[in-house]
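# A structural walkthrough
Each chain, letter by letter, is given below.
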Amino acid sequence: MDTEAVRSFVRAAELGQLRHAADELGVTQQAVSKRIAALERELGVRLFTRTARGVEPTPDGRAFLPHAQGVVAAVDRAVTAVRPVSRALRIDVLGLRSAQAVVLHDHWRAHPGTDLDVVTLRVDDPHVAAAAVRAGEIDASFRSVTDPATLPPGVRMIHAFDSPLELLVGPRHPLAPARTLTPSELRGLRIRVPGIAPGSEWADFYDQLTEAFDLRIDAAGPHFGDEVLLDTLADSADVATLVGARDRYVWPDRHDLRRIPIVNPTLAYPLSLMLPRTNPHPGLRAVVDHLATLAPPPRPSWRPSWALTR
């Protein structure tokens, strides 16, 4: 079977248009069409139907797609295995100020020769990131699928590290002078956490957190960005938010915001790393080794039910 024909089918199915697939693959639309036609003849089925917007997989095409994605990913990983310097290690993080990005930056500073490409998939569903790992679009993703049984074939998930939560408040907040806080001291507070997307791992995390400690998490309304949230905290005497201890936030000196660790127990957000089961990018080994050197959160600690162990 022609693997380039399989690749053409996969990209056309994912993009919905032969022209877009051709542009990405660096060939003509006619070449993509011929490759897919040859693949259909070999399989003895139609893989696409034409629509007003482009192409759409037939039932046979939908059944073939996940296997075809696996073939393309396996070919890409096989090429990488014998040409390890052919491309950068591509790792997905939730945001460039997130703890994952900070940890990767620390790793890169310790190994400045590493060819690393840090990307941010604009998706909330971790299953989409898992599919990108399987397809070979990225080499790994700092996402957590809360039910590992739903991971696609060929993808595994390991514990990366735990990120302790801190309360972030402005100088007028009653808890601003505190050096540490316990979860019980957070009860009744208005804790603003915008951007909790339904179905995301962090939505499940905050659901379990509020139930375990009877907290009040305010996620209503749109998220206008971290800068707006930090401005709100600086001006408020009653609004607080939760941030990860390694998350990078920058605000003007006049804001005078306070980051207060939460202890007894530490509230730990568990971060996982999704990666291929076979033929991972050679650069991943050093990243995983670096993650193993990170200190665990102070004990005792609380983690959600789906958290993995080391």
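Here is a short report on the structure shown in this document. (Residues numbered from 1 in each chain as written. Predicted model: local features only at pLDDT ≥ 70, side-chain atom pairs only at ≥ 80, totals over all residues. Heavy atoms only, no water.)

For the rest of this paragraph, the subject is the pattern of salt bridges. In this structure the tally under the stated criterion is 14 salt bridges. Of the charged contacts, one joins arginine 90 and aspartate 117 as a salt bridge, the two residues approaching to 3.3 Å between their closest N and O atoms. Within this pair, whereas arginine 90 is found in strand 3 (residues 89–92), its partner aspartate 117 is found in strand 4 (residues 116–119), the two being separated by 27 residues in sequence. A relative accessible area of 28% means that arginine 90 is categorised as partly exposed. (Salt bridge = Lys/Arg side-chain N within 4 Å of Asp/Glu carboxyl O. Helix = DSSP H or I, 4+ residues; strand = E, 2+ residues; numbered from the N terminus. Buried < 20%, exposed > 50% of the residue type's maximum accessible area, 1.4 Å probe, protein only.)

What follows deals with the packing of helix 2 (residues 18–25) against helix 3 (residues 29–43). For the pair helix 2 and helix 3, interaxial distance at closest approach is 8 Å and the crossing angle is 105°. Taken together, helix 2 and helix 3 sit at an angle that is classed as roughly perpendicular. Every residue of helix 3 that contacts helix 2 at Leu18, Arg19, Ala21, Ala22 and Leu25 is listed here: Gln29, Val32, Ser33, Arg35 and Ile36. Residues belonging to the contact of helix 2 with helix 3 are distributed by class as follows: six nonpolar, two polar and two charged. (Axes fitted to C-alpha atoms, helices over the stretch in contact; angles between N-to-C directions. Parallel < 35°, antiparallel > 145°, perpendicular 65-115°, else oblique. Contact = heavy atoms within 4.5 Å. Nonpolar A, V, L, I, M, F, W, Y, C, P; charged D, E, K, R; others polar.)

Here we come to the packing of helix 1 (residues 3–15) against helix 3. Following both chains from N to C, one finds helix 1 and helix 3 inclined at 110°, their axes separated by 8 Å at the closest point. Taken together, the axis directions place helix 1 and helix 3 in an arrangement best described as roughly perpendicular. Where helix 1 abuts helix 3, its residues Glu4, Ala5, Val6, Ser8, Phe9 and Ala12 lie against Val32, Arg35, Ile36 and Leu39. A per-class count over the contact of helix 1 with helix 3 returns seven nonpolar, one polar and two charged.

Time to look at the packing of aromatic side chains. Enumeration over the complete set of coordinates arrives at eight aromatic pairs. Ring geometry for phenylalanine 9 versus phenylalanine 48: centroids 5.3 Å apart, planes at 45°, classification tilted. In this pair, phenylalanine 9 is assigned in helix 1 and phenylalanine 48 in strand 1 (residues 48–51), connecting sequence segments 39 residues apart. A relative accessible area of 0% places phenylalanine 9 in the buried class. An angle of 85° between the planes, with centres 5.2 Å apart, marks the rings of phenylalanine 205 and tyrosine 206 as edge-to-face. One exposure class covers both phenylalanine 205 and tyrosine 206, and it is buried. Each member of the aromatic cluster is reached from another via a ring pair, and the members are Phe205, Tyr206, Phe213, Tyr269, Trp302 and Trp306. (Phe/Tyr/Trp six-rings, centres within 6.5 Å; stacked < 30°, edge-to-face > 60°.)

This paragraph deals with the environment of leucine 230. On the secondary structure map, leucine 230 appears in helix 8 (residues 226–235). Residues leucine 230 and threonine 51, spaced 179 residues apart in sequence, show a C-alpha to C-alpha distance of 47 Å. Other than its neighbours up to four places away in sequence, leucine 230 contacts Leu168, Tyr249, Val250, Trp251, His255 and Leu257.

What follows covers the side chain of glutamate 166. Here glutamate 166 lies in strand 6 (residues 155–169). Those residues in contact with glutamate 166, other than ones at most four positions away along the chain, are Thr241, Leu242, Val243, Gly244, Ala245, Arg259, Ile260, Pro261 and Ile262.

The next point concerns helix 3. The end-to-end C-alpha distance of helix 3, which contains 15 residues, comes to 21 Å, matching closely the 21 Å that a straight helix rising 1.5 Å per residue would cover. Every buried residue of helix 3 is accounted for by Val32, Ile36, Leu39 and Glu40. Down the axis, helix 3 shows its buried residues gathered within 100° of arc, on one side only. Across helix 3 from its buried face, at more than 90 degrees, point the exposed residues Gln30, Lys34 and Arg41. (Expected span 1.5 Å × (residues − 1). Arc of directions from axis to C-beta.)

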